[in-house]
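Coordinate analysis (summary)
Chain by chain, the residues run as shown.
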Amino acid sequence: MTDTSIVGNWYNQNVTLEHDRLVKSRIEYSITMRVIKKCLEELATTSDDQIRILDIGGGTGRYAVELAKQGHSVTLSDISQSELDYAAQFASQNGVTLAKIVQVDARQVRDNELLFQHGFYDLVLCMGPMYHLLEESERVSLLESCALMTKPGGFVIAAFVTKYAHLRDLAQKDPKRLKDEREFYTQYFSTGKYTRNSNAIVSHHVDVGEVQGLFNKVQDRKVVDIVLEKLIGCEAFLGGGLAANMDLNDSETYEAWVEVLVRYSTDIHALGASDHIAAVARRINRNNT
Ligand SMILES: C[S@@+](CC[C@H](N)C(=O)[O-])C[C@H]1O[C@@H](n2cnc3c(N)ncnc32)[C@H](O)[C@@H]1O
């Protein structure tokens, strides 16, 4: 089992760094918001009710607050209490209230009475916890929990970090390590376990192809039916910080880039050029109704 206490402590101590992450990685945010928007538009075609969203591992609320501003009922949860405290302030600064804010290790979400309700949410976001769960059984179980909490017809969006993201970073900052730590990297390639972060937090990185396999494993357990609909490269072909110098104040140029990047974000041949992969999956009823 992953020791998630170190992960939680690190996020507790790096709240503002984490809050600013999606300003620096604006493309990741813009593409992911487009993906979420598309799911919400599809949900709106079948119901006029207020949409209920659960954001697991939602940190300081970058997505949660924006979605609440759009009028949705958003519940935020995370392992880091300090991030959630920050999110509460961020929500109030933006004039919105989140439906609930709940501190929980995502692995224990099924035991959490405040959060866990069968088929309750229209959309469940899980964009963070998968990055730090070392065991496949933990990732499969969490995906299953997300699916169980989603209404039939609703969506789960789960995000993953690719091995290429780490390797791009390594190639730029410290290429010798690949040779000097050959044994470690042999293991890394087969398991995706990255346990040599300088801050001691552990990470799991995927091969793009393994995401479909995770959903297959959820399906094999026959507890809930969830079908992977598409994979999206959250930075499209500009992973590895290639968009870092884009001027956010020049909104026309920025939006022109976002249009192009969104177009290529679903190109399966370019998925490895992204650092983050979002998997969009849909819960279906066992009898397909
Ligand atoms: C890189 S941040 C992503 C935050 C936000 N969802 C986003 O996409 O920008 C990862 C988040 O996952 C949370 N997290 C990591 N492991 C978790 C776990 N086992 N249970 C709940 N939250 C977890 C962290 O505390 C952190 O807020």
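That block above? That's the structure.
Remember, predicted model here, so these are calculated numbers, not experimental data.

The subject of this paragraph is helix α5 (residues 81-93). Here α5 contains 13 residues, and its C-alpha end-to-end distance of 19 Å stays within 8% of the 18 Å for a straight helix at 1.5 Å per residue. Listed in full, the buried residues belonging to α5 are Glu83, Leu84, Ala87 and Ala91. All buried residues of α5 project into a common sector of 95° when viewed along the axis, lining one side. Facing away from the buried side of α5, by more than 90 degrees, are the exposed residues Gln89, Ser92 and Gln93. Elements in contact with the buried residues of α5: α1 (4-13), α2 (15-24), α4 (62-69), β2 (73-78) and β3 (100-103). Remark: Gly95 follows α5 within two positions and exhibits a positive phi of approximately 75°.

Looking now at the site of the ligand. Not every one of the 22 residues close to the ligand is listed here, only the nearest: Gly57, Gly59, Ile79, Ala106 and Gly128. Listing elements by their share of the shell around the ligand, those giving two or more residues are α1 and α2.

Turning next to the environment of Ile157. Along the chain, Ile157 falls in strand β5 (residues 150-162). For Ile157, a count of 22 C-beta atoms within 10 Å translates into the label buried. Counting along the chain gives 151 residues from Ile157 to Ile6, while the straight-line C-alpha distance between them is 25 Å. Contact partners of Ile157, with chain neighbours within four places excluded, come to Val35, Ile36, Cys39, Leu125, Met127, Ala278 and Val280.

What follows is about unusual backbone geometry. Peptide bonds are trans in most cases, and residues, glycine excluded, mostly fall at negative phi. For Lys222, which is not glycine, the phi torsion reads 60° and is therefore positive. Tracing the chain through its elements places Lys222 in the loop between α10 (210-220) and β8 (225-233). Of note, Ala236 is a non-glycine position whose phi angle comes to about 50°, a positive value. In this structure, Ala236 sits in the loop between β8 and α11 (251-264).

We now examine helix α3 (residues 26-44). Counting along an α-helix, one turn takes 3.6 residues, and residues three or four places apart therefore face a common direction. Here α3 spans 26 Å end to end across 19 residues, near enough to the 27 Å set by a 1.5 Å rise per residue. When we look at burial in α3, the residues that qualify are Ile27, Glu28, Ser30, Ile31, Thr32, Val35, Ile36, Cys39 and Leu43. Residues of α3 that are buried make contact with α2, β4 (121-126), β5, β8, α11 and β9 (276-284).

Turning next to the packing of helix α6 (residues 136-149) against α10. What describes two packed helices is the angle between their axes and the distance between those same axes. Here α6 crosses α10 at 65°, and the two axes come no closer than 9 Å. The angle between α6 and α10 places the two elements in the roughly perpendicular class. Along this stretch, α6 crosses α10, giving a crossing that reads as right-handed. Residues Arg139, Val140, Leu143, Glu144 and Ala147 of α6 touch α10, and the partners they reach there are Leu214, Phe215, Lys217 and Val218. Here the contact of α6 with α10 is composed, by residue class, of six nonpolar, no polar and three charged.

Each value, and the rule that gives it
Residues numbered from 1 in each chain as written. Predicted model: local features only at pLDDT ≥ 70, side-chain atom pairs only at ≥ 80, totals over all residues. Helix = DSSP H or I, 4+ residues; strand = E, 2+ residues; numbered from the N terminus. Expected span 1.5 Å × (residues − 1). Buried ≥ 20, exposed ≤ 12 C-beta atoms within 10 Å, placed from the backbone. Arc of directions from axis to C-beta. Contact = placed C-beta atoms within 7 Å. Near = placed C-beta within 6 Å. Axes fitted to C-alpha atoms, helices over the stretch in contact; angles between N-to-C directions. Parallel < 35°, antiparallel > 145°, perpendicular 65-115°, else oblique. Left-handed = near helix turned anticlockwise from the far one by under 90°. Nonpolar A, V, L, I, M, F, W, Y, C, P; charged D, E, K, R; others polar.

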